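This is what each chain is made of:
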Amino acid sequence: MKHHRMATVYLIALGAFALGMASYVIAGLVPMVVSDFGVSVAKAGQLVTAFTLAYGIGSPVFVALLPAHKQRLGLLVALAIFTIANLVSALVTTYTALVITRIFAGVGAGVYLAMGIAASAAVVPKDKRGQALALIMGGMASGTVLGVPAGLMIAEQLGWASTMWLIAILGLISMIGLAVKLPALPASETSTLREKLTIIKDMRVTLILTVSLLAAISSLGLYTYIAPIMANEGFGGVSNITPWLWVWGIGGVAGSFLIGPIADRVSGPKLVAAIMLMLTVSLAALPFTAGINAWLAMVPIAIWGAVGWALQVPQNNQLISARERIGGGNVAVALNESALYLGSAIGAAAGGLIFAFQLGGWALPFAAASVAGLGLLLQLIALKSASILNNPDAAHCGPSSR
């Protein structure tokens, strides 16, 4: 039984690998799309926008629309939509059709990951939930760090459509395996779409989503501009950013996998506070280490990548636990994914403004560290509040209480 359950988690992680690859590989395929479809670079870049918007906006809505007793079917259908959309992306002959397929791929991906995380938590014992979620996030991180470069190398040899074929094949393997291995999933609560989306009124959920949002603004926002930052003379004047990107990505894969056993032993709020502290310190340390030597900057970059990816394991675990008795865990996870994409967009926009105002290379890392620090402060306040709520006598332990 244990082997059967873990086989299910591994299959979900394989689908997450394909998802991570699909999310980021298009950015590298833009020049080939420009050549094949005769569109501008700006227009080809909107393929990424179409995918991410569909993912971030469509995911919580469609997850909420799923019938309460169709959770297993919903996961398989979402993976099928993702797989078919990538397959059709490889076959279309017009740019408009390609945009439409990326929208469907984005919706399928967002719903699949949210449902996959919830399904992984449901099929393993509670004390192994952190490890299961770590496998899912590790699969997605690996798809980004390892799958994207592999996909680009294949595209250079066989054309960009071959990468879409590879993603579709991986999705198909995962889908067939899950159709055989995935057990029936517990039915979610029966409620209307409006009732499901009011989950945002749950203060525990709102806090977790806000911390995820702030972490994404700081981490992913800074990552968007890591190349021009490291190219700054004050950061070592790096001309080829690839080694530093690999260090960030490898750190992300390591963090995603290693956080699992820790998440099963350390309380979620405390672990998130520790991660946010490490994220804040690593972002703030980047200018100082790079100012000494660009290669030394790999240390905070590796830590940044590791904790940035690792954060979502305890975050999703907390969301599922917070809604375990009252339902809506899958919707909460979908909202968390939306918070990450929204945070990435806000961070990229804010970073663009900093560059537009020519505030200097140090401004963006410090701004990112400040946003992460705000997330840390919020988490510490939540920890203190939870401690008082769980132990009311602690607030009255002074001399006057004697």
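Here goes a summary of the coordinates provided. Note that this is a predicted model, so its numbers are computed, not measured. (Residues numbered from 1 in each chain as written. Predicted model: local features only at pLDDT ≥ 70, side-chain atom pairs only at ≥ 80, totals over all residues. Heavy atoms only, no water.)

1. Let's talk about the overall build of the chain
Argument step 1. Each helix and strand counted, the chain has 15 helices and 0 strands in total.
Argument step 2. Within the chain, residue pairs in contact and separated by at least 24 positions form 84% of the contacts whose partners lie at least 6 positions apart.
Argument step 3. For the chain, the exposed area adds up to about 17600 Å²; of that, 70% sits on carbon and sulfur atoms. (Helix = DSSP H or I, 4+ residues; strand = E, 2+ residues; numbered from the N terminus. Contact = heavy atoms within 4.5 Å. Areas by Shrake-Rupley, 256 points an atom, 1.4 Å probe, with all protein chains shown as cover.)

2. Re helix α4 (residues 95-123)
Argument step 1. Taking 1.5 Å as the rise per residue, α4 with 29 residues should run 42 Å; its terminal C-alpha atoms sit 41 Å apart, in good agreement.
Argument step 2. Of all 29 residues making up α4, 22 are buried, and the element is well covered by its neighbours. (Expected span 1.5 Å × (residues − 1). Buried < 20%, exposed > 50% of the residue type's maximum accessible area, 1.4 Å probe, protein only.)

3. Some details on the packing of aromatic side chains
Argument step 1. Counted according to the given criterion, the structure contains 11 aromatic pairs.
Argument step 2. When the centroid spacing of 4.3 Å and the interplanar angle of 35 degrees are considered together, the rings of tyrosine 55 and tyrosine 341 count as tilted. Of this pair, tyrosine 55 sits in helix α2 (residues 41-65) while tyrosine 341 sits in helix α14 (residues 329-356); the two residues are 286 residues apart in sequence, bridging distant segments of the chain.
Argument step 3. Relative accessible area serves as the criterion here: at 15%, tyrosine 341 is assigned to the buried category.
Argument step 4. Plain terms: the ring middles of phenylalanine 235 and tryptophan 362 are 6.2 Å apart, the flat faces sit at 65 degrees to each other, and that makes the pair edge-to-face. Note that phenylalanine 235 is positioned in the loop between α9 (226-231) and α10 (242-263) and tryptophan 362 in the loop between α14 and α15 (363-390), a separation of 127 residues in sequence.
Argument step 5. Judged by relative accessible area, which is 0%, phenylalanine 235 ranks as buried. (Phe/Tyr/Trp six-rings, centres within 6.5 Å; stacked < 30°, edge-to-face > 60°.)

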